[in-house]
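Observations on the three-dimensional arrangement
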Amino acid sequence: MSRLLRWPVRAASLLAALAVWQVLTAANVRLWVRFDRFPGPADVLHEFGRQAGHGQYWQDVAQSLVRILTGFALAAVLGVAAGVATARSRWAGDLLQPLFEVARPIPAIALVPVAILLFPANEQGIVFITFAAAFFPVLVGTRHAVKALPVVWEDAVRTLGGSRARVLLQVVLPGILPGVFGGLSIGMGVAWICVISAEMISGDFGVGYRTWQAYTIVDYPGVLVGMATIGLLGYLTSAAVELAGRRLTRWLPREDRS
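The model shown is predicted, which means the values in this text are computed figures rather than measured ones. Throughout this document, residue positions are counted from 1 along each chain, in the order its sequence is written. Only residues with pLDDT of 70 or above have their local features reported here, since the model is predicted, and side-chain atom pairs are shown and tallied only from 80 upward, although totals for entire chains, interfaces and linings are computed over all residues. As a rule here, side-chain values come from all non-hydrogen atoms in the structure, and water together with hydrogens is ignored.

1. A closer look at the overall build of the chain
- Helix and strand labels come from DSSP, where a helix needs a run of H or I of at least four residues and a strand needs a run of E of at least two; each type is numbered from the N terminus. Summing up its helical and strand segments, the chain has eleven helices and zero strands in all.
- Put simply, the chain runs from its N terminus to its C terminus through helices and strands in the order α-α-α-α-α-α-α-α-α-α-α.
- By principal-axis analysis of the C-alpha atoms, the chain measures approximately 75 × 55 × 35 Å.
- Only protein chains enter the accessibility calculation, which uses a 1.4 Å probe. A residue is then buried if its area is under 20% of the maximum for its type, exposed if over 50%, and partly exposed in between. For the chain, buried positions account for 36% of its 258 residues.
- We call two residues contacting when some pair of their heavy atoms lies within 4.5 Å. Taking as baseline every contact in the chain between residues at least 6 positions apart, the subset at least 24 positions apart corresponds to 69%.

Right, here's the structure in full:
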């Protein structure tokens, strides 16, 4: 497909979904699912316009973004460092890997009681949950990327007199970037799921808190505005991670999909 046609096709798919949604709600369709009480696109758009005119909406958006970016940044730095350490050092692997493998299957949202006990403020607890959600995908992606590096690359540098630090900086870190950004992309998606869930459970501000509050007062257009906001923020942050990955791995061969 020509690149000139890709964006119109994507826009048309979204418009078609909105049109189907409008028809189902306007006709009060009740089949396997019920659309008779479901708000239509016009109702949601009107509610979005109302919320966008108030500072509370933008405060919630900013609060959720601060939480997600803080937790994700910590997970990115520590996840890459831990992944490289456990893959490159036998001692680090023996000491840390059992702990990581025991903690990794625990859903991050199940850590809410732990966060409440450990941290004096809700804000710190939500950032901790976000960090825990993103940390393990980054860790696993980095570890597998390090182990997948061809041994001949390191041997060539060491044969030419390169130190371990030079191998790490000039061979390992550039070589694992595709795997690292794969883990970062997955981690961003999981982090959004958990930060919204944490805001619904124990937050005072944020998009998740406001969406749950709208549900409790039976404000269904408000619920869908919250869901749409979460989807848009998740898309933008994930796209930013993927864009950074493409910029930093421009040396890789690209498949022409035009």
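2. Details of the UniProt feature "transmembrane region" (unreviewed entry) in the chain
- UniProt positions are given in the numbering used here, feature names are shortened, and annotations may be inferred rather than shown by experiment. Feature annotation in UniProt assigns "transmembrane region" (unreviewed entry) to the following positions: residues 65-87, 99-119, 125-146, 167-200 and 220-244.
- The span residues 125-146 carries 100% helix and 0% strand; its end-to-end C-alpha distance comes to 31 Å.
- Between the C-alpha atoms that bound residues 220-244 there is a distance of 36 Å. The span itself is 100% helix and 0% strand.

3. Quick word on a nonpolar patch on the surface
- Surface patches are drawn from residues lacking salt bridges whose relative accessible area is over 30%; two like charges belong together within 9 Å, two nonpolar side chains (Val, Leu, Ile, Met, Phe, Trp, Tyr) within 5 Å. All accessibility values rest on the Shrake-Rupley procedure with a 1.4 Å probe; residue burial counts only the protein chains present in the view. Throughout this description, the term salt bridge denotes a Lys or Arg side-chain nitrogen within 4 Å of a carboxyl oxygen of Asp or Glu. Together, W7, L232, Y235 and L236 make up an exposed nonpolar region whose accessible area comes to about 490 Å².
- Considering every element that reaches the nonpolar patch, the biggest residue donor is helix α11 (residues 220-248), with three residues.
- On the secondary structure map, L236 appears in helix α11.
- On the accessibility criterion, L236 (47% relative accessible area) is partly exposed.

4. Thoughts on the side chain of T249
- Looking at the secondary structure, you find T249 in the segment after α11.
- Side-chain atoms alone can form a polar contact between residues adjacent in sequence; in general such a contact is a pair of N or O atoms within 3.5 Å, and within protein one must be able to donate a hydrogen while the other accepts it. From its side chain, T249 meets the backbone oxygen of G245 in a polar contact 2.6 Å long.

5. Brief notes about the nonpolar core
- For the purposes of this section, nonpolar cores are sets of buried Ala, Val, Leu, Ile, Met, Phe, Trp, Tyr and Cys residues that join through side-chain atoms within 4.5 Å. Residues I129, F135, I176, L184 and W192 are the most contacted members of the largest nonpolar core, which totals 48 residues.
- At the level of elements, α3 (55-88), α5 (112-118), α6 (122-147), α8 (164-175), α9 (177-202) and α11 are the ones that each hand at least two residues to this core.
- By residue number, the principal contributor to this core is α6, which donates twelve residues.
- With near-sequence residues (within four places) excluded, I176 lies in contact with V84, T142, A145, V146 and L149.

6. Looking at the UniProt feature "domain: ABC transmembrane type-1" (unreviewed entry) in the chain
- According to UniProt, the "domain: ABC transmembrane type-1" (unreviewed entry) feature falls on residues 61-245.
- Regarding residues 61-245, the helix share stands at 85% and the strand share at 0%, and the terminal C-alpha atoms are separated by 25 Å.

7. Here's the deal with unusual backbone geometry
- Even without being glycine, N28 reaches a positive phi, approximately 50 degrees.
- Assignment of secondary structure puts N28 in the loop between α1 (3-26) and α2 (41-52).
- For V218, which is not glycine, the phi torsion reads 60 degrees and is therefore positive.
- Tracing the backbone shows V218 in the loop between α10 (207-216) and α11.

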